[in-house]
Structures are given as C-alpha cells and as structure tokens.
Amino acid sequence: MKILGIETSCDETAACLIDASGTGPADFTYQVLGNALYSQVAIHAPYGGVFPNLAKREHAKNLVPLTQQVLEQSNSLVPGPTPYDTEQMSVLLAREPELLEQLSAFLAHYGKPDIDAIAVTAGPGLEPALWVGVNFARALNLAWDIPIVAANHMEGHVMMSMVEGDHLAAFEFPVLSLLISGGHTELVLSREWMQYERIGQTRDDAVGEAFDKVARVLGLPYPGGPQISRLAAQARAENITPVFNLPRPMMGEDNYDFSFSGLKTAVKRLAEAHPDMSDDQKKDLAREFEDAAADVLVAKTLRAAEEYGVQTVLVGGGVSANTHIRTELARKIGEVDSSIKLLVPPPDLATDNAIMIALPGYFHAIKKEFADANELRANGNLRLV
Ligand code: KG4
Ligand code: ZN
C-alpha cells in the first residue's frame, strides 16, 4: 500500500511516499520511495524560535515543490491534466493563495498518481502551520479522490522510534514511551498496539523548549538542543571542572509529571549573575543543564517502567536525538533490568519528518480509519489519549 506522508506541524515542511505491507508491528515492512524535507530553521533563527505565521507562509510555498520532488523520486508522476472542480478548489485554498496557484499549475500538468492514502499531520502542533498541510491534503483529495488519514504527530514519533531498517524492531508490551520534543514532554503507556494511556506530562515548558531557551540565554542560535548538546560534550571531553549547580525539578516526587520552566529560570539567573561568562563556564553550564534534564527524564522513566512492569522503553521526539539522554537511559535501564528493551529512532529521523507521519498513516489506512475530507480540521492540541 502506497502512502503519501505530509508534515507541517512546526518548522519543517516534509513530504514522502512509502510502500508498506503487513498487518501489525510483527510483519510490517516498508520502503521509502521518495522523501523530501525543507527545514525553515534558518528563517526562524533570527527570532530565536518558530514564528507561526512565517511557518505557515513557508509551508504554503514549499508543499507543492516537495510533493512533486517525492513523486519524481518515486517515478510516480503521471501525465495530466487532472480534471477537478476548480471552484471548489478555490474555496478550499482561499487562505493559501500561493499554494492554490502552485497546485493548479501542477494539476494542469500531472494526473492522479498510484497512491492509496494521504497521511497528514492533523495535530498537535502550531495550528496555522498544521492548517496548511491539512488543506493541502484536502485539496489533493478533491483533485484525486484519494482517502486521507488524519495522523497524530506524537503517534508518528512513537512509531518512528520502533523502526529498524525496513521493518519494526521486535518488542513486547507493555511499552512505555518517553516523548520529548519542542512542544511535548510526556510518558505514555501502551498495553497494546496503537493503544495509549498518558501517565505523566510536563506542567509547564517542554524539555526541547527548555533546551532552546537555555541556548538563547547562552547566546546560541535556534534550535538550541544540538547547540547545548555540543557544548556539553566539549565540557565532558575536556574534563572542565564543574562550578555550576542546577536543581532536578520534581525528580523525587511520587508522580510521573515534569517541570522544566524552573530549570530554565535557574540557568537564566546564573547567566545574569555571571555576565562575562568564559567559554569554559558556558560549556560547564550547558553540561549541568543537560545532566539535570537527563537525570529527571531518566529517573521518572525508570520509576514508571518499574511500576507498570514494562517490557519495552521507547524514546521519541526531537530531543531523543540527544546522545547524552540516550546513553543515560540505556545505562540506567541496563543497571535496573537488562531484560527491558530500549527503542530509539534512527538518528536522522528523530526530529520531524514525513516518514513518521506515513507510518501511522499506513496502520490507520489498513483499518480503514479515514477522515472525512470536508470535516477534517487542524487541531493544535490534538491528544494521543
Ligand atoms: O520533534 P521535533 O523535531 O519538533 C517538535 O515536534 O517539537 O523536536 C524539536 C526539538 C527542539 O526543541 C530541538 O532543540 C530539540 O528537539 N532537539 C534537541 C536535539 N536535537 C533536536 N534537543 C536536545 N539535544 C539534541 N541533540
Ligand atoms: Zn515532533
């Protein structure tokens, strides 16, 4: 089954085409026929974070070229034109005039490709950004009559972390997923395939957001996660003497919630108290922050793993690209119970991409869980559970 994946929840515009088969995680296999991603990082960097309306405009500008690229890569472009109701299309894309213009030109050239379903991120994420992808999927549905799966971005991160080569890794339930990204920090328990129960979440900032804000305090560019991680690694490699101490918020509390806003504020205070911080001090502070974040994430994950008797721990979302967090999680799990399997995403697919959207797209499509194109809405706060 061929699934076109579309992701526009934040600052990456992405499209892909996968060919997948199988009835569940055990016999699933897939092939990436085409994959394209345009990162808006450089555009948002001057603002120190993602500017939603700018993200929306960039998505609208890039979706058609990326989709065309994906269809070209997969030899799926079909000579056109595509016949469709142009009036309805103009209404549908009234808020994305540039997208309408590009899509009309594209459909004048090309016909309906051999695709079984379109998977698009319906949420969670930045609503103006999500709408562009959702409306694009609805427009393709109008033109080609291909069904739509409304994919949940977080389910995408979960499934992406299960991927091993062209299939899913062998694992057993219950699965505990630590989902850490720019917008989310949560612990989700799955007792069965595609069943989710949230057992904890952040009460304020997401951990990725804290990485980004701390980076800004240290004068480092957006996105801050990889920057902090780089400085912290230097501090460890160079054995820089630790001078700074940061709290481990909520680490000892008897719940599975998190809080990262106080940690970020503590970094800010230290930076204000040391206006002429040396490079070594910056590296030390980055290391202490990364250690503090990892300590809390790992401690709570392990406690939940024990409490719920999980067989598998999974880490997903952009922050799961962090080497230190991965290493610490693996080390501590090994200490506590070496029979627990740890699943991490392929390193280049930890941050947002379209393949992670095509995966839930496939699994919902085989269950015929399609969205009504007329009713489909973007939902910035869409929940997994
Ligand atoms: O999943 P993602 O690409 O987008 C959201 O859904 O939010 O995650 C982006 C977040 C950003 O906050 C970024 O700073 C963080 O992931 N991130 C990292 C690393 N790479 C990306 N954080 C820590 N260490 C990294 N290596
Ligand atoms: Zn994400």
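All values derive from a computational prediction rather than experimental measurement.

> Talk me through the nonpolar core; I want residue IDs and the actual numbers.
Counting residues in each nonpolar core, the largest one holds 47 residues, and the members touching the most others are Ile 228, Leu 246 and Phe 289. Secondary-structure elements contributing two or more residues to this core are β8 (175-180), β9 (185-190), α7 (207-217), α8 (224-237), α9 (261-273), α10 (279-307), β11 (312-316) and α11 (323-336). For this core, the leading source of residues is α10, giving twelve residues. When near neighbours in sequence (up to four residues on either side) are disregarded, Leu 246 contacts Leu 263, Ala 266, Val 267, Leu 270, Leu 285, Glu 288, Phe 289 and Ala 292. By size, the runner-up hydrophobic cluster in this structure holds 39 residues, among which are Ala 151, Val 163, Met 194 and Met 356.

> How would you sum up the site of ligand 1? Please name residues and give values.
In the neighbourhood of ligand 1, 19 residues make up the surrounding shell, with Gly 182, Asp 212, Gly 318, Asn 322 and Asp 352 lying closest. Backbone polar atom of Gly 225 to an oxygen atom of ligand 1: 3.1 Å apart, as the coordinates give it. Here an oxygen atom of ligand 1 and a backbone polar atom of Gly 318 are 2.9 Å apart. Coverage of ligand 1 by the protein chains reaches 90% of its 550 Å² of free accessible surface. In this structure, ligand 1 is accommodated by the largest pocket. Within the residue set of the shell around ligand 1, elements represented by two or more residues are α6 (153-162), α7 and α8.

Thresholds, definitions, all that
Residues numbered from 1 in each chain as written. Chains lettered and ligands numbered in written order. Predicted model: local features only at pLDDT ≥ 70, side-chain atom pairs only at ≥ 80, totals over all residues. Heavy atoms only, no water. Core = buried A, V, L, I, M, F, W, Y, C linked by side-chain atoms within 4.5 Å. Buried < 20%, exposed > 50% of the residue type's maximum accessible area, 1.4 Å probe, protein only. Helix = DSSP H or I, 4+ residues; strand = E, 2+ residues; numbered from the N terminus. Contact = heavy atoms within 4.5 Å. Near = heavy atom within 4 Å. Polar contact = N/O pair within 3.5 Å; in protein donor to acceptor, adjacent residues only side chain to side chain. Areas by Shrake-Rupley, 256 points an atom, 1.4 Å probe, with all protein chains shown as cover. 1 Å grid on protein atoms, 1.4 Å probe; cavity = no way out; pocket = protein on both sides within 12 Å on 5 of 7 lines; lining within 4 Å. Sits in = over half its atoms within 2 Å of the grid points.

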